[in-house]
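A look at the structure
One-letter residues, chain by chain:
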Amino acid sequence: KKDEGGSTGSGGGDGKIVLGFSQVGSESGWRSANTDSVKEAAKEAGYNLKFSDAQQKQENQISAIRSYITQGVDVIAFSPVVVTGWDAVLKEAKAKKIPVVLTDRSVETSDESLYVTLVGSDFTDEGRRAGKILEKVLEKAGHKGPVKIAQLEGTTGAAPAIERAKGFKEVMDADHADDWKIVVSQTGDFTRAGGKQVMAAFLQSNPDIDVLFAHNDDMGIGAIQAIEAAGKKPGKDILIVTVDGVKDGFIAMSEGKINAIVECNPLLGPQLMEVVKKVKNGETVERWIKTKEGDFMQDQAKAALPSRKY
Ligand code: GYE
């Protein structure tokens, strides 16, 4: 199996493609599923994967990328914790002619040649889908009149946090300028603990919240604990829309505590390995390789649950 594929990895010496992957962290169920997918797909593809977890810290990602450059890996892939601040290290990779593939999250850069492609979801569209599905949720709940919304944002400066907020606001500004209002919005850093803590504070300052829009399931699940601790019923007293679609999110939805989930697919491994091979072989690839996903309402949760793989 060792020498299959005919590629000549520069760093491995055994003919395998050497891929350096810098992961954001292990902040959420989505992230764990994403990590498993990358590791499994690399194994399946027969690559030599060098993997590191940055614990949600940009400086850790930068040093991981630097070490991959020093090691002379064939391709570097990473999921940038925030959008800004990458140009310097990406220029170092470029100087060593090591192609960089972004996975999951995008960067902001003045030099588009610093990365080859992005494999990941359209987060702005996820935000729009959250807005659209909230219309259905409100209708189903028979909610009349103004809607006071609390938003739990993802990691500050991260592409999914910026873009999900943006897409949601688009729907709000276009169709609900008169009836919807975001009354509180703060980051919960994509974690359960963050979601719980920030939601508890929200409930103190705004006890009359109608809706929670959480940028991921984990923060939504943390918030559910805070809502219950405050003596309210999640999914009834406060309607909840989240993003991701991990198993625990589906369980909460099947219990009636989350009203709708906008899916964001973490299983990027196979697509990433395919792209890495093409890039290594000097083939041209699309600038943005988007993942496919769907939306789910409560009545679909029970049926969908057994088939959720992560
Ligand atoms: O939604 C969240 C994770 O970047 C799409 O990061 C990813 C997000 C995902 O922590 O759960």
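Report follows, based on the coordinates. (Residues numbered from 1 in each chain as written. Predicted model: local features only at pLDDT ≥ 70, side-chain atom pairs only at ≥ 80, totals over all residues.)

A word on the environment of Lys309. Following the sequence through the fold, Lys309 ends up in the segment after helix 10 (298–304). Residues Lys309 and Val83 lie 226 residues apart in sequence; the distance between their C-alpha atoms is 29 Å. (Helix = DSSP H or I, 4+ residues; strand = E, 2+ residues; numbered from the N terminus.)

Here the focus is unusual backbone geometry. Unusually for a residue other than glycine, Phe190 sits at a positive phi of about 70 degrees. In this fold, Phe190 is placed in the loop between strand 7 (180–187) and helix 6 (192–205). Positive phi values are uncommon outside glycine, yet Asp244 reaches one of about 130 degrees. Owing to 30 C-beta atoms within 10 Å, Asp244 belongs among the buried residues under this scheme. (Buried ≥ 20, exposed ≤ 12 C-beta atoms within 10 Å, placed from the backbone.)

Our next topic: the nonpolar core. Formed by 89 residues in total, the largest nonpolar core has its most connected members in Leu19, Ile76, Val101, Leu212, Leu272 and Val276. If near-sequence neighbours (up to four positions away) are discounted, Leu272 is found in contact with Val38, Ala41, Ala77, Val101, Thr103 and Val119. (Core = buried A, V, L, I, M, F, W, Y, C linked by C-beta atoms within 7 Å. Contact = placed C-beta atoms within 7 Å.)

A few words now on the site of the ligand. The immediate surroundings of the ligand are formed by 13 residues, with Ser28, Trp30, Pro160, Phe190 and Asn216 found nearest. At the level of elements, helix 1 (29–45) and strand 9 (239–244) are the ones that each hand at least two residues to the shell around the ligand. (Near = placed C-beta within 6 Å.)

The next thing to look at is the pairing of strand 7. The side chains of a regular strand alternate between both faces of the sheet. Here strand 6 (residues 147–153) pairs with strand 7 via seven bridges, running parallel. Note that in strand 7 the partner of Ile149 across the bridge is Ile182. In terms of handedness, the path from strand 6 via helix 5 (residues 159–175) over to strand 7 forms a crossover that is right-handed. (Pairing = 2+ DSSP bridges. Right-handed = clockwise from strand over helix to strand, strands pointing away.)

With that settled, consider the sheet that holds strand 3 (residues 75–78). Strand order in the open sheet formed by six strands is 2-1-3-4-5-11, with parallel pairing between adjacent strands. The open sheet has two edge strands, strand 2 (48–53) and strand 11 (288–290), and neither has a second partner. Across the sheet, the mean angle separating the axes of adjacent strands is 20 degrees when strand polarity is ignored. Note that strand 1 (residues 18–23) and strand 2 share six bridges and pair parallel. Note on strand 2: the bridge partner recorded for Gly20 is Lys50. (Axes fitted to C-alpha atoms, helices over the stretch in contact; angles between N-to-C directions.)

In this section: the sheet that holds strand 12 (residues 295–297). The six strands are arranged 7-6-8-9-10-12 in an open sheet whose pairing can be described as mixed. Taken across any chain shown, the strands that pair with only one partner, and hence form the sheet edges, are strand 7 and strand 12. Averaged over all adjacent pairs, the angle separating strand axes in this sheet is 15 degrees, with direction ignored. Relative to strand 12, strand 10 (residues 260–263) is paired through three bridges, and the arrangement is antiparallel. Bridge assignment links Ile261 to a residue of strand 12, and that residue is Phe296. Against the sheet, helix 6 engages strand 6, strand 7 and strand 8 (211–214), with an angle of about 150 degrees to strand 6.

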